[in-house]
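Here are the chains, one letter per residue:
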Amino acid sequence: MVPKTTRNVPAFFPFRHLWLPNNFTQLVPSLVDRVVTRSAMELLFEVVVVASFVGAFRVFRDFLGSLPIPESAERNRWKWRNSCTSLLHSLSTGFGTLFGFYLHPEMAEDMINTHGLFSYYLVSFSIGYFVHDILDMVQNQRLQRCWELLTHHLVVVTCFGVVVLSRRYVGFAMVALLVELNSILLHTRQLLIMAGYRSGTTARVICLLNIASFAVFRVLTIAWMTRWLVLNYDRIPSSAYMLGSVGMAVMTVMNTALFYRLLRSDLPHVGCSAHHIQDPSSCQGKEMGL
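Chains are numbered independently. Their residues run from 1 in the order of the written sequence. Where local features are concerned, this predicted model is filtered to residues with pLDDT of at least 70; where side-chain atom pairs are given and counted, the filter is 80 or more; whole-chain, interface and lining totals use all residues. As a convention, hydrogens and water are excluded, and side-chain values are obtained from all of the structure's heavy atoms.

Enquirer: How should the overall build of the protein be read in this particular structure?
Expert: Numbering of helices and strands runs from the N terminus, with a helix taken as a DSSP run of H or I at least four residues long and a strand as a DSSP run of E at least two residues long. Along its length, the protein carries 11 helices and two strands. Beginning at the N terminus, the succession of helices and strands in the protein can be written as β-β-α-α-α-α-α-α-α-α-α-α-α. Of all 290 residues assigned to the protein, the portion counted as buried reaches 51%. Of the contacts formed within the protein by residues at least 6 apart in sequence, a portion of 76% connects residues at least 24 apart. Of the roughly 14100 Å² that the protein leaves accessible, carbon and sulfur atoms contribute 67%. Accessibility here uses a 1.4 Å probe with only protein chains present; expressed as a share of the type maximum, an area under 20% marks a residue as buried, one over 50% as exposed, and anything in between as partly exposed. Working rule for contacts: check all heavy atoms of both residues, and any pair within 4.5 Å makes them a contact. Each accessible area value is a Shrake-Rupley result obtained with a 1.4 Å probe; residue values ignore everything except the protein chains displayed when judging cover.

Enquirer: Looking at this structure, I do not really get the pattern of salt bridges. What am I missing?
Expert: If charged atoms from side chains of opposite charge come close, those side chains can pair. Definition used for salt bridges: Asp or Glu carboxyl oxygen within 4 Å of a side-chain nitrogen of Lys or Arg. Evaluated as defined, the whole model comprises six salt bridges. Notably, a salt bridge pairs Arg77 with Glu74, separated by 2.9 Å at the nearest N-O pair. Here Glu148 ties to Arg261 by a salt bridge, and the two come within 3.6 Å at their closest N and O atoms. With a gap of 113 residues between them, Glu148 in helix α6 (residues 143-166) and Arg261 in helix α10 (residues 238-270) connect regions that are remote in the sequence. This pair shows no difference in class: Glu148 is buried, exactly as Arg261 is. Salt bridges sharing common partners tie together Arg61, Asp62 and Asp136.

Enquirer: Please clarify how the packing of helix α4 (residues 77-103) against helix α5 (residues 117-140) should be interpreted in this entry.
Expert: For any two helices packed against each other, the geometry comes down to the angle between their axes and how far apart the axes lie. Where α4 contacts α5, the two axes come as close as 10 Å, and the packing angle between them is 165°. Our classification of the angle between α4 and α5 gives roughly antiparallel. Two packed elements cross with a definite hand, and for α4 against α5 that hand is left-handed. Together, Trp78, Asn82, Thr85, Ser86, His89, Ser92, Thr93, Gly96, Thr97, Phe99, Gly100 and Leu103 of α4 and Phe118, Ser119, Leu122, Phe125, Ser126, Tyr129, Phe130, His132, Asp133, Asp136, Met137 and Asn140 of α5 make up the contact between the two elements. Among the residues forming the contact of α4 with α5, the class breakdown is nine nonpolar, 13 polar and two charged. With axes taken as lines fitted to C-alpha atoms, and helix axes fitted only over the stretch in contact, angles between N-to-C directions fall between 0 and 180 degrees. Put simply, angles under 35 degrees are roughly parallel, angles over 145 are roughly antiparallel, angles from 65 to 115 are roughly perpendicular, and the rest are oblique. By convention, the crossing between two helices is left-handed when the near helix turns anticlockwise from the far helix through less than a right angle, and right-handed when the turn is clockwise. In this classification, Asp, Glu, Lys and Arg are treated as charged, Ala, Val, Leu, Ile, Met, Phe, Trp, Tyr, Cys and Pro as nonpolar, and every other residue, Gly included, as polar.

Enquirer: Whenever I open this one, the packing of aromatic side chains confuses me. Can you help?
Expert: Think of a pair of aromatic rings as described by two things: how far the centres are apart, and how the planes are tilted against each other in angle. Planes of paired rings set the category: under 30 degrees apart is stacked, over 60 is edge-to-face and the rest tilted, where pairs are Phe, Tyr or Trp rings (Trp by its six-membered ring) whose centres lie within 6.5 Å. According to the stated counting rule, one finds 10 aromatic pairs in the structure shown. Ring geometry for Tyr233 against Tyr241: centres 4.7 Å apart, planes inclined by 85°, an arrangement best described as edge-to-face. Taken together through their ring pairs, the aromatic side chains of Phe53, Phe57, Phe125, Tyr129 and Phe130 make up a single cluster. If you follow Arg218 out to its NZ or CZ, it ends over the ring of Phe214, 5.3 Å from the centre. Whether a charge sits over a ring depends on NZ of Lys or CZ of Arg being within 6 Å of the ring centre and within 35 degrees of the ring normal.

Enquirer: It is not clear to me how empty space enclosed by the protein should be interpreted in this structure. Could you clarify?
Expert: Gaps between atoms show up when a probe of the same size as a water molecule is rolled over them. Using protein atoms alone on a 1 Å grid, points that fit a 1.4 Å probe yet trap it form a cavity, whereas open point sets bounded by protein on both sides within 12 Å along at least five of seven lines form a pocket; residues with an atom within 4 Å of a point count as lining. Grid points are joined across faces, edges and corners, and a volume is the space filled by probe spheres set on the points. Within this structure, the stated rule accounts for two cavities of 30 Å³ or more. Its boundaries defined by the atoms lining it, the largest cavity holds a volume of some 360 Å³. For the largest cavity, the lining is made up of 25 residues, of which Cys159, Phe172, Met225, Gly244 and Met248 are closest to its centre. The element that contributes the greatest number of residues to the lining of the largest cavity is α10, accounting for seven residues. Of the residues assigned to the lining of the largest cavity, the class counts are 22 nonpolar, three polar and no charged.

Enquirer: Looking at this structure, I do not really get the nonpolar core. What am I missing?
Expert: The nonpolar side chains of a soluble globular protein tend to be buried, and buried together. By size, the foremost hydrophobic cluster in this structure holds 56 residues, and its most contacted members are Trp80, Val123, Phe160, Tyr169, Phe172, Met174 and Trp228. Those elements giving two or more residues to this core turn out to be α3 (40-64), α4, α5, α6, α7 (170-176), α8 (180-195), α9 (201-231) and α10. With sequence-adjacent residues up to four places away left out, Phe172 is seen in contact with Met111, Met225, Trp228 and Leu229. Put simply, a nonpolar core is a bunch of buried Ala, Val, Leu, Ile, Met, Phe, Trp, Tyr and Cys residues held in one set by side-chain atoms that sit within 4.5 Å of each other. Judged by nonpolar contacts, the second largest core, of six residues, contains Phe214, Leu258, Phe259 and Leu262.

Enquirer: Would you explain a nonpolar patch on the surface in this entry?
Expert: To count toward a patch, a residue needs a relative accessible area over 30% and no salt bridge; like charges are then connected within 9 Å, while nonpolar side chains (Val, Leu, Ile, Met, Phe, Trp, Tyr) are connected within 5 Å. A cluster of nonpolar side chains, contributed by Phe99, Tyr102, Leu103 and Phe118, occupies part of the molecular surface with about 420 Å² of accessible area. With three residues, α4 is the largest single contributor of residues to the nonpolar patch. Within the secondary structure, Leu103 is located in helix α4. Overall, Leu103 belongs to the partly exposed group, its relative accessible area being 39%.

Enquirer: I keep staring at the packing of α3 against α4 and nothing clicks. Help me out?
Expert: Running from N to C, α3 and α4 cross one another at 135°; their axes reach a closest spacing of 9 Å. Regarding the angle of α3 to α4, the classification is oblique. Relative to α4, α3 is oriented so that their crossing is right-handed. In contact with Phe57, Phe60, Arg61, Asp62 and Leu64 of α3, α4 contributes Arg81, Cys84, Thr85, Leu88 and His89. When grouped by side-chain class, the residues that make up the contact of α3 with α4 number five nonpolar, two polar and three charged.

Pasting the structure below:
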């Protein structure tokens, strides 16, 4: 029979008065322990910050509704507004990640404990976007058309949420956000399709840059992150390692499928001016972000 105690459990923790084993801090992984040891006000503040970013994205989406759009995009105004909002997120986080590493290059050496406020809140900003996008898709699309993207977004929100609540692995999350540099081209490509620019020099250049940046900022980035997880296995709590491994597995499968569809759709277009860009993405043409 294991003795019980509430030692080392924070006062604000809602289950403090339950009988807990003496080796509670060993049974519960240190990542979770780090989250519950933050004060209730700190956690509430982080939730409010993320909720503010969710609201900001929704305001931006509604603002886009008051602006004129290309005639060819009139038949699906939601997708045009959604793609523009996604492009805003990709531009902000893609270049914001580079700026974050410029401000704090030491994050590249210690991706677990080292970060600056800019990088930390950039991750919160990204969570706000993905939560907004989940709500936007649920409200405007059939679930069977968007289950792939919803799964992707839920995995990202879960992983980034742990980063924000624990204030650890911010550097690792910033590396993950490098894929948004490719998302800039993915969303630009989507907007070109909707605006009717399916052929010509501009379309061929976008296709070529999109494929090249996909290989660099998605394929290589995910491969590097997976390698980092394996090499740092002994430094990461089992819960964080499991979450990271599941996240990497989901990202690998989904990005491999998207890359295949892009190659099949766009590669012939790079060398043939008569070929038209096809739309290989799920959710009625919505491109996948991170």
